Each structure stands twice: as C-alpha cells, then as structure tokens.
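Inside the fold
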Amino acid sequence: MPMTVGAETDFLSLTLSELEQELASLKLPKFRAKQIFEWLHVKRVVSFGEMTNLPEKLREELSLKYALKSLKVLQKRVSKRGDTVKYLYELSDGQAIETVFMQFKDRNSLCISSQVGCRMGCTFCASGVGGLVRNLAPSEMLLQVYETLRLNQLSTVNCPLSTVNIVIMGIGEPLDNFDNVLRFLELSPIGARHISLSTCGIVPQIDKLAEHKLGITLSVSLHAACDEDRSAIMPINRAYPLSELMRACRDYFEATRRRISFEYALIEGVNDSSEQAGRLAGLLRGELPPHAFHVNLIPVNDTGAGFRKSVNGKAFAEMLESRKINATIRRTMGDDINAACGQLRKEVRSQASRALSGCAEVKPLQWLDRS
C-alpha cells in the first residue's frame, strides 16, 4: 500500500512501483511515474510545477491532489573554518530537526536525523532532551539530503553522488525507526557503501538489519567496555548488555563482511583511563577479528550534562594501537556552531521566545521492559 501521512499520500516516500499504483488511479501510464520519480529523486525538485516534461494540465492536477513535503530553514550556522554548516529545519508540523553538512577535500558528508527527539536516554547526548516526539518519514530523511545539497549549490553535475557520504547519526536512534529508515535506504540515490548508520545498540534490530545485507556501514556507539560503566551512561545496556551486543556485531560482520565502526566518546574521569583502554582492547579482540572493526575515538561534546572532554585521547589511542586495535581520533568539526547531535535544537527549545510545541509525553526508557 502507498505510504501515507494522515490522509495524504506521501509522494516522496513512495517506491517506483507504489508511485505507479498511485498514478494508475488517475488513469496515467507507467512512464509518467518514472518521469515523476526522476524529478523527485534525481533532479530533486520541490514542486510539481517544475516537472516540465509533464503536460501543464497534469501538473496542475497533481498540485491540487497531492502535496510534496518540504523543509524550512529555521537557523543556519557556519563554522569559522567554513567547512561545516548546521541547519535547524522546521517540518510541516512545526517540529524541528538538525542536519549537518561537512566539506572535506575529496567528498561531502551529511549527518541527518531519523527522529524528532529520542527515547534512548544516553546521559551525554542532547538529542533526547524532552524525550521522543515522533519518527521521521522516509521523505523527511530524504529531504534533509536533497535540501542541504541544494542550499550548498551542489547538483549531480558539479557534485557526483559518489562523492557524497550520508551518516544517519543526527537526532534520534535510527533502529528505533526501523521501517522508515529501511525505506529511506531503499529510496536514497546515494549508494549503500556511502551510507553509515549509527546505533546505541538495539540488538534485535541489528539482527534484522544484518538479514537485509544492505552494504551500509554499521557504527555502534560503545563508549564503555564493561556493563556497569556502560549502563551508567547508556540505559540501552540494561536491556541489551555487552555480551548480546557483541554477539550481534559479530553476526552482522559475518553476514555482510562490512567492517564495523565502534564509536567511543572520551569523557574525562569516566572512560578514559589506561585500565579502560585495556578493557576495551580485550573486549573487542575477544569477540571480533582485527580486520572486522575500527575504533573511532571522539572528544565528548559539551551538552550541559557536566561531562568534560578527555585530555588523554592520544595516550588512549596509542594504548589501543599497542594492543593491535586500529583506532583513530575523530577530527572535531563545528564545535563553534553546536554541531553535535541535538545541541542546536536543545538551544532553540530552551529559548522562551520560541518553544517547540507538541512534545509527546513519552517516558524515555519505558520501552526497555523486555517482558
């Protein structure tokens, strides 16, 4: 069945076959669906009026019958170096999400959101402030890519899609919006090998993702190497402890042969000691072959939770390397514009002049009951 939002058909979330079915109700031939699909996902237009190879009467009919989703820029912040741009986008219902655009020498990278808010409750992350509001539709994830490329004047002519990377690592937990994220991946013109999905570790959904063998990179937010430490900062670990998470990661690698990235935010006095580096090395080497994973060390961001960036990053990385663990320290980009997940949305939410309305009353951790 065609994907709908309320009573409206969500055109941008439809597969080609679903679009053909939808247009068949208007007595239109299949080739019209292919034309419209290309306008939406290749040329990335924002209105039916721009689809110039369609008859004018048909464009008018489509405009009256259907509405295409769009994003409105609430705020735009550019880093001092000019290589990072953060957008706070307003959705059609007035909610807000974040998208970050990063420019590198040989590629462009987009970090997109998958939910409005988050219910995972990680103590160092600003995304979950206020809990989960709602999931994003596939179209709303696609629009973050299309609109951000458009705003930066990047077309398929001057920016081949093979040079664009997508990281589903913004606001929200992608695997908590599994079906819509899967549809986004199906529709995305960016190849799977240029897409990374970051998860805090919902084990059953990692297993489901492995079954699809999509070729995307799985990034697992680890941040601690023992259950006690991880549960203290990541409540998800109480439901799916490290033994279950590492089993799922091992199975994912065996099913896809795609190297897993383990994200590790270095927090001063919490997880940055030499002892914890040894624990991390022992955990990973005990579960996966060296070529199956990479450790990405991240200086923790200031989210107002009281955590401070570790000054032991270099020593921590060297300790892992000495134990044959491939590790790098992530280059920080956009510190001066609150580029970390949820920071800008949190800031705007806290401003009395414009509070975001409609936050659902969802207890952040109620889903953890596995009974």
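Presented here is an overview of the structure given in this document. (Residues numbered from 1 in each chain as written. Predicted model: local features only at pLDDT ≥ 70, side-chain atom pairs only at ≥ 80, totals over all residues. Heavy atoms only, no water.)

Turning to the overall build of the chain, a few remarks are in order. The number of helices and strands found in the chain is 12 helices and 14 strands. Counting every position in the chain, which comprises 371 residues, the buried fraction comes to 54%. Put simply, 67% of the contacts in the chain that link residues at least 6 apart link residues at least 24 apart. Looking at the chain as shown, the accessible area adds up to about 16500 Å², and 50% of this sits on carbon and sulfur atoms. (Helix = DSSP H or I, 4+ residues; strand = E, 2+ residues; numbered from the N terminus. Buried < 20%, exposed > 50% of the residue type's maximum accessible area, 1.4 Å probe, protein only. Contact = heavy atoms within 4.5 Å. Areas by Shrake-Rupley, 256 points an atom, 1.4 Å probe, with all protein chains shown as cover.)

Spatially, E3-E4-E5-E6-E9-E10-E11-E12-E13-E14 is the arrangement adopted by the 10 strands of the open sheet, whose pairing is mixed. Looking at which strands have only one partner, the edges of the open sheet turn out to be strand E3 (72-78) and strand E14 (327-329). Strand-to-strand twist across the sheet, computed as the mean angle between neighbouring axes with direction ignored, equals 20°. Looking at chain direction, strand E6 (residues 108-112) and strand E9 (residues 164-168) are connected through 5 bridges and run parallel. The residue bridging Cys 111 from the neighbouring strand is Val 167, located in E9. Its contacts with the sheet place helix H9 (residues 242-256) against strand E11 (217-221) and strand E12 (260-266), and it is angled at close to 145° to E12. (Pairing = 2+ DSSP bridges. Axes fitted to C-alpha atoms, helices over the stretch in contact; angles between N-to-C directions.)

With respect to the helices and strands, the residue Ser 92 is situated in the loop between strand E4 (84-90) and strand E5 (96-103). Residue classification places Ser 92 among the exposed positions, given a relative accessible area of 61%.

Once that is clear, we can look at the packing of aromatic side chains. By the definition in use, this model includes 5 aromatic pairs. Ring-pair connections join several aromatic residues into one group, and the members of that group are Phe 11, Phe 48 and Tyr 66. A cation over a ring is seen here: Arg 107 above Phe 104, with NZ or CZ 4.2 Å from the ring centre. The positively charged end of Lys 208 is found above the aromatic ring belonging to Phe 178, 4.4 Å away from the centroid. (Phe/Tyr/Trp six-rings, centres within 6.5 Å; stacked < 30°, edge-to-face > 60°. Lys NZ or Arg CZ within 6 Å of the ring centre and 35° of its normal.)

The subject of this paragraph is the environment of Glu 20. One can find Glu 20 in helix H1 (residues 16-24). C-alpha of Glu 20 to C-alpha of Lys 30: the two residues are 10 residues apart in sequence and 5.6 Å apart in space. Setting aside residues up to four positions removed in sequence, Glu 20 forms contacts with Lys 30, Ala 33 and Lys 34.

With that settled, the discussion passes to the packing of H1 against helix H2 (residues 30-41). With their axes 9 Å apart at the nearest point, H1 and H2 run at an angle of 125° to one another. As far as their axial angle goes, H2 and H1 are oblique. In the packing of H1 onto H2, the handedness of the crossing is right-handed. In this structure, H1 uses Leu 16, Leu 19, Glu 20 and Leu 23 to contact H2, whose residues at the interface are Lys 30, Arg 32, Ala 33, Lys 34, Ile 36 and Phe 37. Taken together, the residues of the contact of H1 with H2 break down into 6 nonpolar, no polar and 4 charged. (Parallel < 35°, antiparallel > 145°, perpendicular 65-115°, else oblique. Left-handed = near helix turned anticlockwise from the far one by under 90°. Nonpolar A, V, L, I, M, F, W, Y, C, P; charged D, E, K, R; others polar.)

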